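# Close look at the chain arrangement
Here is what each chain is made of, one letter per residue.
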Amino acid sequence: MREDLMLKEICERIWDLARPYLNTRKNDTHTEIAAGLAQQLLAQEGGDEDIVMPAIILHDTGWKKVPEDVQSKAFGPKATLPEWNRVHEVEGARIAGHILRSVNYPNDKILEIQEIIKEHDSRKEPLSLNDSIVKDADKLWRYSQNAFQINAIRFALTADENVERLRRNLEPWFLTKSGKRMAREALEERIQELKETDAAAGLP
Ligand SMILES: [Fe+2]
Ligand SMILES: [Fe+2]
């Protein structure tokens, strides 16, 4: 069997095992979109699909171990309990190890994936190109239509504040050239959509 087909099959099994951990904090949609973005980044930047794809699928599984009433206070620009953000990273790395061992994933690859997940939010400096792609795919979701709506409600942002937050973070958030370009393009799309909504509502 071709290696890429084998990886596709293993990733489907990883998805199945990850899903019970992703049905919180809208992580199922977030992860699906981020995984698609990771594929696009891999095509443009290189990197190892057999590290990046399991890492992005599993990176937020640890949120399942954070009580739902705490989750909303653990992340974002107005976080009041940011220490819980570390819990989702550490627990995510543990759950990833458990899931990957159960599909007999190679040990050295499990270790690299766990390293990436363990500090995917808290470590700003990337360990490798694989790490950069996972971090960029995770943050690129914030520029999607899905995230734009979710985060406006989550963080109580007006449309203008939401746009401003995404624009301000274009430089500091993204580590790859493609990530930065994709974020800029997605932001332009969000701005265009807002203009169209305003025009439909008869606003100037
Ligand atoms: Fe996360
Ligand atoms: Fe995430």
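As shown above, the structure is provided for reference.
Residues numbered from 1 in each chain as written. Chains lettered and ligands numbered in written order. Predicted model: local features only at pLDDT ≥ 70, side-chain atom pairs only at ≥ 80, totals over all residues. Heavy atoms only, no water.

The tally for this structure, following the rule as stated, stands at 15 salt bridges. Among the salt bridges present, the one from Lys8 reaches Glu12, with a minimum N-O distance of 3.6 Å. Pair noted here: Lys8 and Glu12 are both in helix α1 (residues 3–22), with a separation of four residues, about one helical turn. For Glu193, the salt bridge goes to Arg190, with nearest N and O atoms at 2.8 Å. Of this pair, Glu193 and Arg190 both sit in helix α11 (residues 177–200), separated by three residues, roughly a single helical turn. (Salt bridge = Lys/Arg side-chain N within 4 Å of Asp/Glu carboxyl O. Helix = DSSP H or I, 4+ residues; strand = E, 2+ residues; numbered from the N terminus.)

On to the coordination of the iron ion (ligand 1), then. Ligation of the iron ion (ligand 1) by protein atoms is provided by Asp60 (OD), His88 (NE2) and His120 (NE2), these donors lying 2.1 to 2.2 Å from the ion. Donor residues for the iron ion (ligand 1), ordered by position in the chain, follow D-x27-H-x31-H. Between the iron ion (ligand 1) and the iron ion (ligand 2), both coordinated by Asp60, there is a metal-metal distance of 3.6 Å. Of the two residues, Asp60 is situated in the loop between α3 (49–58) and α4 (68–74) and His88 in helix α5 (residues 83–102); the sequence distance between them amounts to 28 residues. Take Asp60: its relative accessible area is 2%, and that puts it in the buried class. (Donors = N, O, S within 2.8 Å, 3.2 Å for Na, K, Ca; no water. Buried < 20%, exposed > 50% of the residue type's maximum accessible area, 1.4 Å probe, protein only.)

Summed over all chains, the structure comprises four aromatic pairs. Ring centres of Trp63 and Phe75 lie 5.6 Å apart, and the angle between their planes is 65 degrees; this geometry places the pair in the edge-to-face category. Of the two residues, Trp63 sits in the loop between α3 and α4 while Phe75 sits in the loop between α4 and α5, which places them twelve residues apart along the sequence. Judged on exposure class, the residue Trp63 and its partner Phe75 are both buried. On the numbers, 6.2 Å between centres and 90 degrees between planes, the contact of Tyr143 with Trp173 is edge-to-face. Pair noted here: Tyr143 is in the loop between α7 (129–140) and α8 (145–154) and Trp173 is in helix α10 (residues 170–173), with a separation of 30 residues, a long-range link. Of the two residues, Tyr143 and Trp173, both sit in the buried class. Taken together through their ring pairs, the aromatic side chains of Trp63, Phe75 and Phe155 make up a single cluster. The residue whose ring lies beneath Arg142 is Trp173, and the NZ or CZ to ring-centre distance is 4.4 Å. (Phe/Tyr/Trp six-rings, centres within 6.5 Å; stacked < 30°, edge-to-face > 60°. Lys NZ or Arg CZ within 6 Å of the ring centre and 35° of its normal.)

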